[in-house]
Amino acid sequence: MKERMEFTVTGMHCNSCGLLIDDEVEELAGVAASATSPRTGRTVVDTDGPVDPAAVIAAIAAAGYRAERAR
């Protein structure tokens, strides 16, 4: 089941921050791609299987940033 999820991320300062987040999120099973923009403060995750949004938030936290599901 393909899905697109968006997260609001705080604490990013540059493109390297976004790359760190994408590296962590893309390690999750079911994640096809992650695109993070420090300019917008968002991470967009495309899935190709079931992915728990809490797991994405935990992966972003593991990279050193705070996140919540965008509304």
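Data block above holds the structure.
Quantities reported herein were computed from a predicted structural model and do not represent experimental measurements. (Residues numbered from 1 in each chain as written. Predicted model: local features only at pLDDT ≥ 70, side-chain atom pairs only at ≥ 80, totals over all residues. Heavy atoms only, no water.)

Enquirer: How would you summarise the sheet that holds strand 4 (residues 66-69) if you had to cite specific residues and measurements?
Expert: Strand order in the open sheet made by the four strands is 2-3-1-4, with antiparallel pairing throughout. Pairing within the sheet leaves two strands with one partner each, and these edge strands are strand 2 (31-37) and strand 4. On average, each strand axis in the sheet is inclined to that of its neighbour by 25°, with strand direction left out of account. Where helix 1 (residues 15-25) meets the sheet, it contacts strand 1 (3-10), strand 2 and strand 3 (42-47), and its direction lies at approximately 165° from that of strand 2. The strands touched by helix 2 (residues 53-62) are strand 1, strand 3 and strand 4; relative to strand 1, the strand with the most contacts, the crossing angle is about 35°. (Pairing = 2+ DSSP bridges. Helix = DSSP H or I, 4+ residues; strand = E, 2+ residues; numbered from the N terminus. Axes fitted to C-alpha atoms, helices over the stretch in contact; angles between N-to-C directions. Contact = heavy atoms within 4.5 Å.)

Enquirer: Describe the side chain of Thr 43, listing the residues and the values that go with them.
Expert: Position of Thr 43 relative to the elements: it lies in strand 3. At 2.9 Å, the side chain of Thr 43 forms a polar contact with the side chain of Thr 36. (Polar contact = N/O pair within 3.5 Å; in protein donor to acceptor, adjacent residues only side chain to side chain.)

Enquirer: I'd love a proper account of the pattern of salt bridges, names of residues and values included.
Expert: Across all of its chains, the model carries three salt bridges by this definition. Glu 3 is the salt-bridge partner of Arg 69, the closest N and O atoms lying 3.4 Å from each other. A residue pair is termed long-range when its members are at least 10 positions apart, and Arg 69 in strand 4 and Glu 3 in strand 1 qualify at 66 residues. Residue classification places Arg 69 among the partly exposed positions, given a relative accessible area of 34%. Of the charged contacts, one joins Arg 42 and Glu 6 as a salt bridge, the two residues approaching to 3.3 Å between their closest N and O atoms. (Salt bridge = Lys/Arg side-chain N within 4 Å of Asp/Glu carboxyl O. Buried < 20%, exposed > 50% of the residue type's maximum accessible area, 1.4 Å probe, protein only.)

Enquirer: Run through the nonpolar core, naming residues and quoting values.
Expert: Ranked by internal contacts, the top residues of the largest apolar core, which has 15 residues, are Ile 21, Val 25, Val 45, Val 56, Ile 60 and Tyr 65. Where this core is concerned, the elements lending two or more residues are strand 1, helix 1 and helix 2. Val 45 has contacts with Glu 3, Arg 4, Met 5, Phe 7, Val 25, Val 31, Ala 33, Ser 34 and Val 56, leaving out every residue within four places of it along the chain. (Core = buried A, V, L, I, M, F, W, Y, C linked by side-chain atoms within 4.5 Å.)

Function cannot be inferred from these measures alone, as they are strictly geometric.
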